[in-house]
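Each chain, letter by letter, is given below.
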Amino acid sequence: MIHVMASSVLPASVSSVWGLIRDFGALGKWLPGVKTCVIEGDEPGDRVGAVRRLEMGDVGVIREQLLALSDVDHTVMFSIIESALPISNYRSTISLLPITDGDRTFIQWRGQFEAPLEHAASMEARMPTGIYQPAFDRLAEILA
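Along every chain, residues carry numbers that run from 1 in the direction the sequence is written. pLDDT decides what is reported in this predicted model: residues at 70 or higher carry local features, side-chain atom pairs at 80 or more are listed and counted, and totals for whole chains, interfaces and linings draw on all residues regardless. The basis for every side-chain value is the complete set of non-hydrogen atoms in the structure, without hydrogens or water.

1. Re unusual backbone geometry
What counts here: Numbered from the N terminus, helices here are DSSP runs of H or I no shorter than four residues, and strands are runs of E no shorter than two.
The residue His74 is not glycine, and still its phi comes out positive at about 55°. Tracing the backbone shows His74 in the loop between strand E4 (60–70) and strand E5 (75–82). The residue Asn89 is not glycine, and still its phi comes out positive at about 55°.

So, in C-alpha cells, the structure goes:
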C-alpha cells in the first residue's frame, strides 16, 4: 500500500473552506484539470454513498464514491471506484483544522492506494504534487 500526503495553509476560515470542500459534486470548482463533475442519479452532493463522475483532461473518466463526511470534524473521505489510472484500492481523506493565529485553515489531503510496480513511483509522486497541491493552490486563489 502506498501512502501519500500534502498539506497547506489557506487564507480563509474553516467555515469558508468547508463550504467548498463538503459539496462532493463541486470538485470541478477547485481541482485543476476537471472538465466536468456531476453527482450520478438524484443524490445530493453531501450524502454518504453518493457517486461523482469526473471527466479529467488527462485521464478520462473517474468515478468516486463519498464514504464519510463530518461537519463536526470538517473531514471528507472518498474512494475511486472506476478509473483509467494505474492504481487500485484508492481511499482519500481531506481534513481541515482552524489556525487560531489569524483567520486561516490548515488543510491536509491523505491518500492510499496500490499500484503495479512499474507505476508505483510515478503515482506516488503524482498524487501530492500533481493533484493535491494544485487543488490547494486553486482553493487559495478562490478564497483570497
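On we go.
2. Focus on the packing of aromatic side chains
What counts, and what does not: Pairing of aromatic rings covers Phe, Tyr and Trp, the last counted by its six-membered ring, and requires centre-to-centre distances within 6.5 Å; plane angles under 30 degrees mean stacked, over 60 mean edge-to-face, and any other angle means tilted. Type-normalised accessible area, obtained with a 1.4 Å probe on protein chains alone, sets the label of each residue: buried when under 20%, exposed when over 50%, and partly exposed for intermediate values. Only when the NZ atom of a Lys or the CZ atom of an Arg is both within 6 Å of the ring centre and within 35 degrees of the ring normal do we say a charge sits over the ring.
Throughout the structure, instances matching the rule amount to 7 aromatic pairs. A ring pair is formed by Trp109 and Tyr132, whose centres lie 4.3 Å apart and whose planes are at 15°; its orientation type is stacked. Placement of Trp109 in strand E7 (residues 104–114) and of Tyr132 in helix H3 (residues 117–143) is noted, with a sequence separation of 23 residues between them. Like Tyr132, Trp109 is buried. Each residue in the set Phe24, Trp30, Phe78, Tyr90, Trp109, Phe113, Tyr132 and Phe136 is aromatic and connected to the rest through ring pairs, giving one cluster. The residue whose ring lies beneath Arg52 is Phe24, and the NZ or CZ to ring-centre distance is 3.8 Å. The positively charged end of Arg52 is found above the aromatic ring belonging to Phe78, 4.8 Å away from the centroid.

3. With respect to the environment of Val59
Keep this limit in mind: Residue contacts follow a heavy-atom distance rule, with two residues in contact if any of their heavy atoms lie within 4.5 Å.
For Val59, the position within the fold is in the loop between strand E3 (51–56) and E4. Distance from Val59 to Asp73, taken between C-alpha atoms, is 32 Å for residues 14 residues apart in sequence. If near-sequence neighbours (up to four positions away) are discounted, Val59 is found in contact with Ala84, Leu85 and Arg126.

4. Things to note about the sheet that holds E4
Inclusion rule: The rule for pairing is simple: two strands pair if DSSP sees at least two bridges between them. Angles shown run from 0 to 180 degrees and are taken between the N-to-C directions of axes, each axis being a line fitted to C-alpha atoms and, for helices, limited to the stretch in contact.
What the 7 strands build is an open sheet, ordered E1-E7-E6-E5-E4-E3-E2; its pairing is antiparallel. In this open sheet, the two strands that pair with only one neighbour each are strand E1 (2–10) and strand E2 (34–39). The average undirected angle you get between the axes of adjacent strands in this sheet is 20°. With 9 bridges connecting them, E1 and E7 associate as antiparallel partners. Residue His3 lies in a different strand from E7, and its bridge partner there is Gln112. Contacts between helix H1 (residues 14–21) and the sheet are confined to E1, E4, E5, strand E6 (88–99) and E7, with E6 contributing the most and set at about 155° to the helix.

Functional significance is not addressed by these values, which are geometric in nature.
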